[in-house]
Amino acid sequence: MARLSQVFLPRDREFFDLFVEAGVNIQRAAELLEQMLSDYPENSALAREILICEQHGDRITHDIIQRLNNTFVTPIDREDILALASGLDDIVDLIEEVADFLGLYKIEAPMEDAQKLSSVLAQASRQIAEAMPRLRGFKDVSHYTVEINRLENDGDRIQREALGALFSEGIDPMVVVRWKDIYERLEEAIDATEKVAYTLEGIVLKNA
């Protein structure tokens, strides 16, 4: 017997499509940040495009919540929809914060460790974008979860080394404070991808 939610395929498809769209948006934002940090401040104008991604992410989240409020039977549990939507929104918000901090703190040149962290974030975001379409059929996503966990561990290591270098090389204290904020936001964004991966895996296991 088909589960009741399968009777409502058009609405179900709207939820799944929105999650896929959110994943693609996160990947774009993360890749823009990686590009921005690869040649900063020459690429500082990319901050505007990242802000557009953040605003688009807000609209997707709003659409998901609006559909949730107007749908009697949902394809997955309501709390899981909210958790996944919130987690996806957190990633793009943190990416936009990093881009904003670069301008706010008047960063003159990127630190190599920030470039490394942005590369890890971009890789993890691609894994999110590739995994999201599998939600539609509740297909196994453990491959993506394992890879994102590995990337998160890399991010932790890079951040520890970056902070250690900041405090051991006699850098101006104000510069230390600024880069510490940026490193922390980058690491929080990477952590957020892992949180989404585990939320996604939990949904798949519950509904498979």
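Anything mentioned here points back to the structure above.
Fair warning: this is a prediction, and the values are worked out from it, not measured in the lab.

Visitor: Residues and numbers for the packing of aromatic side chains, please.
Guide: Applying the stated criterion across every chain, the model contains three aromatic pairs. Arranged with centres 5.2 Å apart and planes meeting at 40°, the rings of Phe 101 and Tyr 105 form a pair that is tilted. A centroid spacing of 5.7 Å and a plane angle of 40° characterise the contact between Trp 179 and Tyr 183, whose relative ring orientation is tilted. Residue Trp 179 and its partner Tyr 183 are both found in helix 6 (residues 173–207); the two are separated by four residues, about one turn of the helix. Here the two residues Trp 179 and Tyr 183 agree in accessibility, since each one is buried.

Visitor: Tell me about the side chain of Asn 25, and name the residues and values.
Guide: Looking at the element boundaries, Asn 25 is found in helix 1 (residues 9–38). Polar side-chain contacts of Asn 25 include one of 2.8 Å to the backbone oxygen of Cys 53.

Visitor: Can you lay out the pattern of salt bridges for me, pointing to particular residues and giving the numbers?
Guide: Per the stated rule, a full pass over the model turns up twelve salt bridges. Glu 161 is the salt-bridge partner of Arg 157, the closest N and O atoms lying 3.6 Å from each other. Taken together, the residues Arg 157 and Glu 161, both in helix 5 (residues 142–168) and four residues apart, mark about one turn of the helix. In this structure Arg 157 comes out as partly exposed when scored by relative accessible area, which is 36%. Relative accessible area serves as the criterion here: at 45%, Glu 161 is assigned to the partly exposed category. The closest approach of N and O atoms between Glu 184 and Lys 180, which form a salt bridge, is 2.6 Å.

Definitions and limits used
Along every chain, residues carry numbers that run from 1 in the direction the sequence is written. Local features are withheld for residues below a pLDDT of 70 in this predicted model, meaning they are given only at 70 or higher, and side-chain atom pairs are given and counted only at 80 or more; totals for whole chains, interfaces and linings count all residues. Side-chain measures here rest on the full set of heavy atoms in the structure, leaving out hydrogens and waters. A pair of aromatic rings is counted whenever rings of Phe, Tyr or Trp (Trp by its six-membered ring) have centres within 6.5 Å, and the orientation is called stacked for planes under 30 degrees apart, edge-to-face for over 60 and tilted otherwise. Secondary structure elements follow DSSP: runs of H or I of four or more residues count as helices, runs of E of two or more count as strands, with numbering from the N terminus. Only protein chains enter the accessibility calculation, which uses a 1.4 Å probe; a residue whose area is less than 20% of its type maximum is buried, one above 50% is exposed, and one in between is partly exposed. By the criterion applied in these results, polar contacts are pairs of N or O atoms within 3.5 Å in which, for protein atoms, one can donate a hydrogen and the other can accept it, and in which residues neighboring in sequence qualify only through two side-chain atoms. By salt bridge we mean one thing: a side-chain nitrogen of Lys or Arg within 4 Å of a carboxyl oxygen of Asp or Glu.

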